[in-house]
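# Coordinates in review
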Amino acid sequence: MYHKFNLFKLKKLIPLAMIFLVASQAHAERSITHYTVSSVENETIKGNVVNQEGKAVEGAKVTVVETGETAVTDALGNFSISAQIGQTLSILADKYEIQSTEILDTSITIELEPKLDSLDLQEVTLVGYGSQKKSDLTGSVSQLKSDQFKEGMNISVDNLIQGKVAGVRVVQTSGEPGAGMNVSIRGIGSIRSGSTPLFVVDGVPLSNENVSSGGPNVGLGSSSAKNPLNFLNTSDIESITVLKDASAAAIYGARGSNGVVLITTKQGKKGDAIFTYDTYLGVSTVIKKLDLMKANEYKKVVAPSYDHGGNTDWQDVLYRTAVSQNHSFSFSKKTTTGNYYASLSHMDQDGIIETSNFKRTTARLNAEESFLDDQRLKVKFNLTASDIKETGLPNGSNAGSDGQLVIHALMANPTRTVFDKDGEYTNFNMNAHYNPMYLLSMYNDHTNTFRVLGNVEATLRILPGLNYKLNYGVDKSTSERNTTMYPNITDRTPTGMYTQSNLESLSTLLEHYLTYDRTFNKHNISLLAGFSYQKFEFSGTYFGLKNIAAKGSGVAPEHNPGYSGDPFIPSPGYAQENELQSYFGRVNYNYNKRYLFTASLRADGSTRFGENNKYGYFPSVAAGWAISEENFLKGSSVVNELKLRASWGQTGNQEVANKITQASYSLSSASGYYLFNQNDVINGVTVNRTANPNLKWEVVEQTNFGVDFNLWNSKLYGSLEYYNKTTLDPILNIPSAPLSPTSTVWQNVKGKIENKGFELTLGSQIISNSDFTWTVDVNAATLSNKVKGLPVSEIFSGEISGPGMSGVYANIYKNGYQAGSFYMLKYLGIDANGKYIYEDKDGNGTIGNEDRQIFEGPLPKLTYGINSYMRYKKLDFAFSFIGQAGGYLVNNTNLNLNINNLASDRNVLRQYYTSGASTDNLPQLSSLYLEKSDFLRLNNVRLGYNFGIEQLKWVKNLNLYVSAQNLFTITNYSGYDPLIDTAKAASGNQSLGIDYTTYPSAKTFMIGATVKF
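## Let's talk about the overall build of the chain
Tallying secondary structure elements over the chain gives nine helices and 53 strands in all. The C-alpha atoms of the chain give a radius of gyration of 31 Å, which matches the 31 Å a tight globule of 1013 residues would have. If you line up the chain on its principal axes, its C-alpha atoms span 100 × 70 × 60 Å. Each of the 1013 residues in the chain was classed as buried or not, and the buried ones make up 54%. Within the chain, contacts between residues at least 6 apart in sequence are counted, and of these 70% link residues at least 24 apart. Accessible surface for the chain amounts to roughly 41600 Å². Of this, 55% is attributable to carbon and sulfur atoms. Charge-centre separation for the chain: the mean point of 90 positive side chains lies 2 Å from the mean point of 94 negative side chains.

## Focus: the pattern of salt bridges
Scanning all chains against the criterion turns up 38 salt bridges. A salt bridge links Lys226 to Glu390; its shortest N-O distance comes to 3.4 Å. Here the residue Lys226 occupies a position in the loop between strand E14 (204–205) and strand E15 (237–243), and Glu390 occupies one in strand E21 (residues 377–391), the gap between them amounting to 164 residues. As far as the burial class goes, Lys226 and Glu390 line up, both buried. The closest approach of N and O atoms between Arg416 and Asp905, which form a salt bridge, is 2.7 Å. With Arg416 in the loop between helix H6 (405–411) and helix H7 (436–441) and Asp905 in the loop between helix H8 (892–896) and helix H9 (910–914), this residue pair connects regions lying 489 residues apart in the sequence. According to the relative accessible area criterion, Arg416 is buried, its value standing at 7%. Bridged by salt links that share partners, the residues Arg186, Lys244, Lys643, Arg645, Asp708, Glu721 and Glu759 form one connected network.

## What about the nonpolar core?
Ile353, Ile800, Phe822, Val890 and Leu897 are the most contacted members of the largest nonpolar core, which has 52 residues in total. Elements that contribute at least two residues to this core include exactly helix H5 (314–318), H6, H7, strand E42 (821–824), strand E44 (836–838) and strand E48 (888–891). Considering every element that reaches this core, the biggest residue donor is H6, with six residues. Beyond its immediate chain neighbours, meaning those up to four positions away, Ile353 contacts Leu318, Tyr319, Arg320, Leu393, Leu405, Val406, Tyr999 and Pro1000.

## Section: a nonpolar patch on the surface
Where nonpolar side chains cluster on the molecular surface, the patch consists of Phe371, Leu372, Leu460, Ile462, Leu463 and Leu514 and spans about 530 Å² of accessible area. The element contributing the most residues to the nonpolar patch is strand E22 (residues 443–463), with three residues. By secondary structure assignment, the location of Phe371 is in strand E20 (residues 357–371). For Phe371, a relative accessible area of 40% translates into the label partly exposed.

About the cut-offs
- Residues numbered from 1 in each chain as written.
- Predicted model: local features only at pLDDT ≥ 70, side-chain atom pairs only at ≥ 80, totals over all residues.
- Heavy atoms only, no water.
- Helix = DSSP H or I, 4+ residues; strand = E, 2+ residues; numbered from the N terminus.
- Rg over C-alpha atoms; globule rule 2.2 N^0.38 Å.
- Buried < 20%, exposed > 50% of the residue type's maximum accessible area, 1.4 Å probe, protein only.
- Contact = heavy atoms within 4.5 Å.
- Areas by Shrake-Rupley, 256 points an atom, 1.4 Å probe, with all protein chains shown as cover.
- Lys, Arg positive; Asp, Glu negative; His and termini not counted.
- Charge placed at Lys NZ, Arg CZ, Asp CG, Glu CD.
- Salt bridge = Lys/Arg side-chain N within 4 Å of Asp/Glu carboxyl O.
- Core = buried A, V, L, I, M, F, W, Y, C linked by side-chain atoms within 4.5 Å.
- Patch = residues over 30% accessible without salt bridge, like charges linked within 9 Å, V, L, I, M, F, W, Y side chains within 5 Å.

So this is what it looks like as structure tokens:
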């Protein structure tokens, strides 16, 4: 296989190689020292073991790793042990993480951290506008900590939760670096808008709007904007908390219908100041190749005129071995009155297709300080800034059959050559089919995005247990996208085109709230009451040139638009704003740690909705029973924790376009008339949108029942939940009533979308001692989705691309079926003449649109993940699997690689030729292209080693590791990746489960290091 590899990038190996060289030399010298100084006498090492609050930890087992010598801490946390300077101590204590530390002095203090896994129900978990002990939770909440984010090369935060939380599905829209991701929690709840949850970063809710422009159509189709979460450096993230049920998410009201994801970034920790340097180098290749016909096969079955004498594997030509690197430097420190964290990072990730690239530079500063008597006032400051530079490709999802780079490469005749005898790109001389490498050479796409997110929090303790909090946040981004199609020999904008798209967004947040927390005998009560105001402003401008100068002639238009070309406006600019004003409250009650109750209410007022429904109200209630605290179970050696939970609540979805409740008008000659019998027409008024002052939020009502358990001292722990999540009053643009000024109107309809299923989380601390620990966690979720009560017969979406596919849709929303079910002809096989046979559903003897049928939908009925972590002394090993079953994909790529290509100088999938099909078969959307999306993938695997470097006293720890991502996938799906969802929406209705020549996923191998000073 041929791969392009830029040799100059080998220079990037030098810093990492030097780290390895130093580490190897130090390790070798240490090994020699052990042989030469074996007669050195041990010293008495005296130490103290405390927790994060500085309290003594009694009964902790202290072990010298090299000799096996042990000691146990007393009531004051003190111990004494015989060891040598430079050796390593391992400390094991109940409810604390195993701590390893190098002996640097004869006196040592060791701070233990609480266990980070789900077995510790006393762990503090974030909830909306606060935190709770996990043992007190009544809602469905899952929390991940930074130690669970180590595997893989992750650009965005949504990658970090893939396969780790039951009921959360993360699907990429493309394998391109920085591409968008679709995150759904407990199914799909909307037809019109997406199912993306609300993301809250350090207390600031983010808008789900794009912060960079999509790729404009310069003859090759438009492309989607990149992932708006790319601005966060994943190394800065301390925890991710997912609020899944309405009890947990209702405190966010109008934006909680799809769940809420709380992201917190790192703060300083107790102890010495720590400098940390993280780096890795990754090499990526395409995850797989499609099984196309080779040149020697192709020339035997086509007309002689289609044999061009070459032998080219176009997938090898298009895909390269991509090199990526990441560098992150951070500082953290915690004092008696505050804490500080600062970081600087740079990521440079090449895509597996030539020219595609993602570069990100981020800086972060988090600081907290206390003032006044007894730290009465605390002020916290979080600030992050990111500068992102992206190079895109001509691979739009809506370009039809002839405007995609990937499809041109897959369809390219394997007997053609990349270059002709003169060293120029071979001209295919075909309509709607071009040399993909020539197409790539004529296209430039650069996006620069700068984003700043920051907030200031001030907390004042008014009385014991009573606190006032102020939170002010700003989220500001600016983006410029320059797209150029140079003059070319194709029929795709042959005279060239340049466009510049500019986007600015600003979100400001102001929140005030009071909290009260008191314990009276066996009663504990926590109260929350607050006010929130958030304003969102967006604006965009466009500029373009036609008939530009040839590539290499003069100055590129993105650097000097005035050099050549005819100016034009590719689309009108815009400026919009909307506001959200909210009042919220919550009460938590706990009696004797046994009986738990939670209730919340949020009132949201939005400028997006009609005058008659400006405010929506979103309540929730939940209760819990900690059975393990009852006398008949307390002290049990089998049942350590057992809790039952039940909740009900409502959340809202306000993700609709601005102003759709208001009428819209325009002046046009089509509605005009002639005044005074003159020849000049006077523009008339056209009604573009019918007003609807009664439009209100979509409401999601959810019921949840759960049980949490911990058995046999964490040998088995986890939770089991049942949920029923139903969307009510969905917003649709449906046909209007007679005499309405427009044919459609936006309104709430009486239909609903129902999602229900079970979620299971299981874990086991299989082995836990000073030398060896092994934990395994498994999560799984089922999903049953159904559309009910729509007032229209069906709604279509999912545009299909290909010859003759104009106006063909794959998705259907219809009562009694899964959302986005597939709608197509039923393929039965091949007749004696090689013709495709389809089921004649209406029995009229001909095959047409009326013979289309509804097939199972794209949503998997089962999703699951398996995560394991092992540590043996200084060696650590982790892996994770993800998988799904019960869903389907429409392989629109295969539809474009149909058997008919052999009759038109194009390539075809080998399976279609070997099936015996005739080349006279014209492409039609049918179940021939409907495939199961079931798979099992080794998502990540990591092997690391912690080095102790006695010769470098200023180095506290060095961890070297190797890692692999997307190592293998077990699936029958014939496309590149079964975990894909190309954006093919129609009329604003979301598409589901379509794969159209998307940028393939990559298999990545990494080598990295983490050094702490």
